[in-house]
Amino acid sequence: KGDANPRETLIYSILNFSNDKTEKTIYVPQEHQAFIQQLLTNAKFNITVLPYDENQEEPENSVLHYETLPGRQFAEITMEQSGQDFDSVLQKQTNYLRQNGIMTINLLLPTSSSLNPEINSHLLKNGYFFSGFKPTPDSNWKIVYCNLLSQIFDFNKIQLFSEESKQLSEYIQTEYKKITE
């Protein structure tokens, strides 16, 4: 039932909007910096992509909010603040959602400021893999990670036509394999 979404459950953001040409800086996990910068540059966005700062001080407590769509067995967690307790808070939140019938979780990370540079490894350890990035209504961006909670995703079911979408799909498939192999 968790795969009932006809568009599958991974996010493939289409970069085809915005006339805003002001320069912007976003912060992302170092593991994905070059790929994200390439996509944004190719899409003609005037955005500088920087890796998370190793000297970034983390607050003690993480702040995560979630919304669920029970009929689709889907949840979206939005990180407001990453803290020293992020790994345990995420693990508890993920277990709670799984125990309540959720089969797919998207986790949205802010890009407006630097986070812990180890966040990507924490997410992989908890079954989350990089699945894209998306614009927000307030002209910011969110990094998207996905946890399929033991579902198997078949990338061959996706029909893509543009080179950019194929490139994004291949990149995400590589990331997905990090949690399945």
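Residues numbered from 1 in each chain as written. Predicted model: local features only at pLDDT ≥ 70, side-chain atom pairs only at ≥ 80, totals over all residues. Heavy atoms only, no water.

1. Remarks on unusual backbone geometry
- One non-glycine residue, Q73, lies in positive phi territory at about 55 degrees.
- Tracing the backbone through its elements, the reader meets Q73 in the loop between β3 (63–69) and β4 (74–81).
- A residue is classified by how much of its surface remains accessible, and Q73, at 15% relative accessible area, is buried.
- Here L149, not a glycine, exhibits a phi torsion of approximately 45 degrees, which is positive.
- Of note, L149 is situated in the loop between β7 (141–147) and α4 (163–180). (Helix = DSSP H or I, 4+ residues; strand = E, 2+ residues; numbered from the N terminus. Buried < 20%, exposed > 50% of the residue type's maximum accessible area, 1.4 Å probe, protein only.)

2. Comments concerning a negative patch on the surface
- On the surface, E31, D53, E54 and E118 cluster together into a negatively charged patch.
- Secondary-structure assignment places E31 in helix α1 (residues 30–42). (Patch = residues over 30% accessible without salt bridge, like charges linked within 9 Å, V, L, I, M, F, W, Y side chains within 5 Å. Areas by Shrake-Rupley, 256 points an atom, 1.4 Å probe, with all protein chains shown as cover. Salt bridge = Lys/Arg side-chain N within 4 Å of Asp/Glu carboxyl O. Lys, Arg positive; Asp, Glu negative; His and termini not counted. Charge placed at Lys NZ, Arg CZ, Asp CG, Glu CD.)

3. Notes on the confidence of the model for the protein chain
- Residues at a pLDDT of 70 or more form 88% of the protein chain, whose mean pLDDT is 85.
- In this model residues 1–18 is a low-confidence stretch, pLDDT under 50, and it forms 46 contacts with partners more than four residues away in sequence or in other chains. (pLDDT = per-residue confidence, 0-100. Contact = heavy atoms within 4.5 Å.)

4. Details of the packing of aromatic side chains
- Under the criterion given, the structure shown has ten aromatic pairs.
- With 3.8 Å between their ring centres and 0 degrees between their planes, F35 and Y171 make a pair best called stacked. Placement of the pair is F35 in helix α1 and Y171 in helix α4, with a sequence separation of 136 residues. One exposure class covers both F35 and Y171, and it is buried.
- Each ring, one from F45 and one from W141, has its centre 5.3 Å from the other, and the planes form 90 degrees; the classification is edge-to-face. Of this pair, F45 sits in the loop between α1 and β2 (47–51) while W141 sits in strand β7, and the two are 96 residues apart along the sequence.
- The exposure class of F45 is buried, given its relative accessible area of 12%.
- With relative accessibility at 5%, the residue W141 sits in the buried group. (Phe/Tyr/Trp six-rings, centres within 6.5 Å; stacked < 30°, edge-to-face > 60°.)

5. With respect to the pairing of β2
- Alignment of strand β1 (residues 24–28) against β2, held across five bridges, turns out to be parallel. Each residue of the ladder has a partner; that of T25, found in β2, is T48.
- Taking the sense of rotation as the criterion, the β-α-β connection linking β1, α1 and β2 turns out right-handed. (Pairing = 2+ DSSP bridges. Right-handed = clockwise from strand over helix to strand, strands pointing away.)

6. Side note on the pattern of salt bridges
- Taken as a whole and assessed by the stated rule, the structure comprises four salt bridges.
- A salt bridge links D87 to K125, with the nearest nitrogen and oxygen atoms 2.6 Å apart. Taken together, the residues span a long stretch of sequence, with D87 in helix α2 (residues 86–99) and K125 in helix α3 (residues 119–125) at a distance of 38 residues.
- Judged by relative accessible area, which is 18%, D87 ranks as buried.
- The class of K125 is exposed, set by a relative accessible area of 58%.
- A salt bridge links E163 to K166; the shortest N-O distance between them is 3.9 Å. Taken together, the residues span about one helical turn, with E163 and K166 both in helix α4 at a distance of three residues.
- Owing to a relative accessible area of 56%, E163 belongs among the exposed residues under this scheme.
- Looking at K166, the relative accessible area reads 31%, which means it is partly exposed.

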